[in-house]
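# Breakdown of the fold
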Amino acid sequence: MELGIYSFGDISATAGVSAISAEQGIKNLLERARLADEVGLDYYGLGEHHREEYAVSSPQTVLAAAAAQTSNIRLGSAVTVLSTDDPVRVFQQFATADLISGGRVEITAGRGSFIESYPLFGAELTDYEALYNEKIELLLELNAAERVTWSGRFRPALDDALILPRPAGGRLPIWIATGGTPASTVRAAALGQPVIYGLLGGSIASFARHAELFRSEAERLGHGALPVGVSSVGFVAEHRARDTFYAGWNDTMTRTSAERGFATPSRTSYEAQAGPEGGIYVGNAEEVAEKIIATHRFMRHDRHILQMDLSALPQREVLRSIELLGTKVKPMLDAELGSVPPTHTSALGQGGQR
């Protein structure tokens, strides 16, 4: 199994922790990327947001910087808000970062969890579904061929357009991000690309049916056995991990719940999610490893990535968590589930199948 981390570059304040500048936030992200590479993690992802509490609105820019400072770790978005961007520029920018990295860059394409990018880039929310469907199809065409002829509703047509630069391996691995509904699962399977589920609430077991549906649909459509990933929040510490992580989690969830009209979070709901069946992966190395292994029994997933830095958790705490994830958790997963086969990530670059 591949193990990694992802971040939105959270720079907001929380209880006992001051907000940091966007500049410091970016520096922190690059330091984390270097450490994740050094301790042997497989993946480092950055999400795209256009909000004051997050430092990253252009993941591909920061990933290009990380590519120049790392050697082995795979780098990708988590996610690229494809609905409000131009697939041609997305492909070119990630292909450029891939060349800097020597072939280690991926795209995770999604629709995002916030809507600020729609008015910012002149997109209409009424076109929510149509925008994404058209743009993901175009992105896959751009990935498959150097010259593309295409027409659609939301950008000028392409007539035998030369799409450069090309990635180091010819194609970029492109994952499809979903929150986990039957409709989005079927749509992801139809695209013939790996899928990653945002396990942000509910029970781990409830996501098993989505993974099985994805696999069965992909096989039925002739795409073969496509990789499945899981993204979740989580944190590793030798002692009092739940207490350390709670303040940032509570701040983030309280803010998000107020915006969306959800129930106000509490320590009780946090502890329920941090328990064996919930979607928060927090504890010492043994506890986090055991929970990821338990998730694998349901999901049979190929990649698991954790978001640790909710509401500007101090850098020293995040760095220690990354170190423990790489030096303690990953060896346990490798012993139980097996390390990543040598052909795994290279095969993803050939249209997503393995």
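This is a predicted model, so every value here is computed, not measured. (Residues numbered from 1 in each chain as written. Predicted model: local features only at pLDDT ≥ 70, side-chain atom pairs only at ≥ 80, totals over all residues. Heavy atoms only, no water.)

### Quick notes on the layout of surface pockets
Picture a little ball the size of a water molecule; that probe, rolled over the atoms, points out where space is still empty. Its boundaries defined by the atoms lining it, the second largest pocket holds a volume of some 160 Å³. When contributions to the lining of the second largest pocket are tallied by element, the ones reaching two or more residues are β11 (280–283) and α10 (285–299). Looking at the lining of the second largest pocket, the element that brings in the most residues is α10, giving five residues. Of the residues contributing to the lining of the second largest pocket, the split by class is seven nonpolar, one polar and four charged. (1 Å grid on protein atoms, 1.4 Å probe; cavity = no way out; pocket = protein on both sides within 12 Å on 5 of 7 lines; lining within 4 Å. Points joined across faces, edges and corners; volume = space filled by probe spheres on them. Helix = DSSP H or I, 4+ residues; strand = E, 2+ residues; numbered from the N terminus. Nonpolar A, V, L, I, M, F, W, Y, C, P; charged D, E, K, R; others polar.)

### Considering the packing of helix α1 (residues 22–38) against helix α11 (residues 315–337)
For the pair α1 and α11, the least separation of the axes is 9 Å and the interaxial angle reads 20 degrees. Comparing their axes, α11 and α1 come out roughly parallel. Taken as a pair, α1 and α11 cross one another with a handedness that is right-handed. Note on element contacts: α11 touches α1 through Gln-315, Val-318, Leu-319, Ile-322 and Glu-323, opposite Asn-28, Glu-31, Arg-32, Leu-35 and Ala-36. Within the contact of α1 with α11, the residues separate by chemical class into five nonpolar, two polar and three charged. (Axes fitted to C-alpha atoms, helices over the stretch in contact; angles between N-to-C directions. Parallel < 35°, antiparallel > 145°, perpendicular 65-115°, else oblique. Left-handed = near helix turned anticlockwise from the far one by under 90°. Contact = heavy atoms within 4.5 Å.)

### Details of the packing of aromatic side chains
Under the criterion given, the structure shown has eight aromatic pairs. Ring centres of Tyr-118 and Tyr-128 lie 6.0 Å apart, and the angle between their planes is 25 degrees; this geometry places the pair in the stacked category. Taken together, the residues span a long stretch of sequence, with Tyr-118 in helix α4 (residues 117–120) and Tyr-128 in helix α5 (residues 128–144) at a distance of ten residues. Looking at Tyr-118, the relative accessible area reads 1%, which means it is buried. Ring centres 4.9 Å apart and planes at 65 degrees place the aromatic pair Tyr-246 and Tyr-270 in the edge-to-face group. Placement of Tyr-246 in helix α8 (residues 241–260) and of Tyr-270 in helix α9 (residues 267–274) is noted, with a sequence separation of 24 residues between them. Across the pair, exposure class does not vary: Tyr-246 and Tyr-270 are buried alike. Here Arg-51 stacks its cationic end above the ring of Phe-114, 4.0 Å away from the centre of that ring. (Phe/Tyr/Trp six-rings, centres within 6.5 Å; stacked < 30°, edge-to-face > 60°. Buried < 20%, exposed > 50% of the residue type's maximum accessible area, 1.4 Å probe, protein only. Lys NZ or Arg CZ within 6 Å of the ring centre and 35° of its normal.)

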